[in-house]
Amino acid sequence: MRVPEAKVALSTASVYPESTATAFEIAARLGYDGVEVMVWTDPVSQDVDALRRLSDYHGIPILAVHAPCLLITQRVWSTDPWVKLTRAKAAAERLGASTVVVHPPFRWQRGYARDFVRGVWRMANETDVRFAVENMYPWRYRDREMLAYAPDWDVTKDDYRHFTMDLSHAATSRTATLQMADRMGERLAHVHLGDGTGSGKDEHLVPGRGNQPCGDLLESLAARGFDGHVVVEVNTRRAMSAAEREGDLAEALAFTRLHLAAAASVGR
């Protein structure tokens, strides 16, 4: 059987409220190929030397760095969004990560949003690290909808060199996931694998527990020789114990490997 080319990583966000260090330990124990570091309020996630020590100790490579783009990380690595991206690039280069994941700007970051597409291209031209811009979603409350991202939450409407496809975000935006992936085409470089039901909340369910075509997307990517990273990014906050959290992450890994291998076996 042909071995799938995509590597399967664990997002350090998937163990929250546990620590970044715990994510490395779990990824190593379960057999993930690497981790994606979510840079956020955990001081270890912001410390390149500490991350390198964790990677070396557990024998787990850091495949991607998620820049601090969340509301709760507005003051992490500066309040200047370009400084955040510059530091994310430098961290990725030092850690041997091939990808920086970045969200489109919030609409109230007007200057940043105005120059975002051109600026990301400029930064991408300065490094071998891929800046993979992630699809987002409208914010909804009851029957009201707010467009929180600019130039657009649907990143396929703009010209980026690389994309991150997040299936939970696709569910939240009620987007046809496979059609969005088709629009991304060869520029789809990175996948955040999590399920959703289209409820309007960003659910990040274990794949297979929602209605997103998680398996179909993995099989289609493997069939065309996708050699990017598939990152398990799920919400385990409701886990009642460490064992339950680890069970969810083991299930997500098994789902991912099964569907990548199912497509790869066709090409044997």
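Refer to the structure above for everything that follows.
Since this is a predicted model, take the numbers as computed values, not measurements. (Residues numbered from 1 in each chain as written. Predicted model: local features only at pLDDT ≥ 70, side-chain atom pairs only at ≥ 80, totals over all residues. Heavy atoms only, no water.)

(A) The arrangement of the sheet that holds strand 2 (residues 34-38) in detail. Taken in spatial order, the eight strands close into a barrel running 1-2-3-4-5-8-9-10, and their pairing is parallel. Neighbour to neighbour, the strand axes of the sheet diverge by 25° on average, direction disregarded. As defined by bridge partners, strand 2 adjoins strand 3 (residues 62-66) across four bridges and the pair is classed as parallel. Pairing of M38 across the sheet is with H66, part of strand 3. (Pairing = 2+ DSSP bridges. Helix = DSSP H or I, 4+ residues; strand = E, 2+ residues; numbered from the N terminus. Axes fitted to C-alpha atoms, helices over the stretch in contact; angles between N-to-C directions.)

(B) Geometry of the pairing of strand 3. With respect to burial, strand 3 is a largely interior element, five of its five residues being buried. After leaving strand 3, the chain enters helix 3 (residues 81-95) and then returns to the sheet as strand 4 (residues 99-102), a path that is right-handed. (Buried < 20%, exposed > 50% of the residue type's maximum accessible area, 1.4 Å probe, protein only. Right-handed = clockwise from strand over helix to strand, strands pointing away.)

(C) Representation of the pattern of salt bridges in the model. Scanning the model with the defined rule gives 15 salt bridges in all. Here R29 ties to E246 by a salt bridge, and the two come within 2.8 Å at their closest N and O atoms. With R29 in helix 1 (residues 20-30) and E246 in helix 8 (residues 242-264), this residue pair connects regions lying 217 residues apart in the sequence. On the accessibility criterion, R29 (46% relative accessible area) is partly exposed. Two residues, R209 and D248, come together in a salt bridge whose shortest N-O distance is 3.0 Å. (Salt bridge = Lys/Arg side-chain N within 4 Å of Asp/Glu carboxyl O.)

(D) Representation of the pairing of strand 10 (residues 229-232) within the structure. Side chains H229 and V231 of strand 10 all project onto a buried face; the interleaved residues V230 and V232 project onto the opposite face, where all are buried too. As paired elements, strand 1 (residues 7-11) and strand 10 share four bridges and run parallel to each other. Note that in strand 10 the partner of V8 across the bridge is V230. Strand direction decides the pairing type here: strand 9 (residues 188-193) and strand 10, joined by four bridges, are parallel. What sits directly across from H190, in strand 10, is H229. Crossover connection from strand 9 via helix 7 (residues 214-223) to parallel strand 10: handedness right-handed.

(E) Up close: the environment of E219. Relative to the helices and strands, E219 resides in helix 7. The exposure class assigned to E219 is partly exposed, which follows from its relative accessible area of 28%. Along the primary structure E219 and M240 are separated by 21 residues, whereas in three dimensions their C-alpha atoms are 32 Å apart.

(F) Broad picture of the packing of helix 2 (residues 48-58) against helix 3. Axis separation between helix 2 and helix 3 bottoms out at 10 Å; the angle between their running directions is 30°. Viewed along their axes, helix 2 and helix 3 adopt a mutual orientation that is roughly parallel. The handedness of the crossing between helix 2 and helix 3 comes out as right-handed. For the pair helix 2 and helix 3, the contacting residues are V48, D49, L51 and R52 in the first and A91, R94 and L95 in the second. Along the lines of polarity and charge, the residues of the contact of helix 2 with helix 3 split into four nonpolar, no polar and three charged. (Parallel < 35°, antiparallel > 145°, perpendicular 65-115°, else oblique. Left-handed = near helix turned anticlockwise from the far one by under 90°. Contact = heavy atoms within 4.5 Å. Nonpolar A, V, L, I, M, F, W, Y, C, P; charged D, E, K, R; others polar.)

(G) Local environment of helix 1. T20, T22, A23, F24, I26 and A27 are the residues of helix 1 that are buried. G31 sits one or two positions beyond helix 1 and adopts a positive phi of about 95°.

(H) Summary view of the environment of Y57. Within the secondary structure, Y57 is located in helix 2. Spatially, the C-alpha atom of Y57 lies 9.3 Å from that of E25, the residues being 32 residues apart in sequence.

(I) Highlighting the nonpolar core. One finds L10, F24, Y32, I62 and M165 to be the most contacted residues of the largest nonpolar core, which totals 72 residues. The dominant element in this core, judged by the number of residues it contributes, is helix 4 (residues 110-124), at six residues. If near-sequence neighbours (up to four positions away) are discounted, L10 is found in contact with V15, A23, I26, A27, Y32, G34, V35, E36, V231, V232 and L249. (Core = buried A, V, L, I, M, F, W, Y, C linked by side-chain atoms within 4.5 Å.)

(J) Region of the structure containing the side chain of D195. Along the chain, D195 turns up in the loop between strand 9 and helix 7. The side chain of D195 sits in the buried core without any salt bridge; R209 is the nearest counter-charge, 8.2 Å away. Reaching out from D195, the side chain makes a polar contact with the backbone nitrogen of G208 at a distance of 2.8 Å. There is a polar contact of 3.4 Å between the side chain of D195 and the backbone nitrogen of N211. With residues up to four places along the chain from it excluded, the contact list for D195 reads S168, E203, H204, L205, V206, P207, G208, R209, G210, N211, Q212 and C214. (Lys, Arg positive; Asp, Glu negative; His and termini not counted. Polar contact = N/O pair within 3.5 Å; in protein donor to acceptor, adjacent residues only side chain to side chain.)

(K) Representation of the packing of aromatic side chains within the structure. Throughout the structure, instances matching the rule amount to twelve aromatic pairs. Ring geometry for W82 versus Y112: centroids 4.9 Å apart, planes at 85°, classification edge-to-face. Of the two residues, W82 sits in helix 3 while Y112 sits in helix 4, which places them 30 residues apart along the sequence. Between Y160 and F163 the ring centres are 6.1 Å apart and the planes differ by 85°, which places this aromatic pair in the edge-to-face class. Just as Y160 is buried, F163 falls in that class too. Among the aromatic side chains, those forming a connected cluster through ring pairs are W82, Y112, F116, Y160 and F163. (Phe/Tyr/Trp six-rings, centres within 6.5 Å; stacked < 30°, edge-to-face > 60°.)

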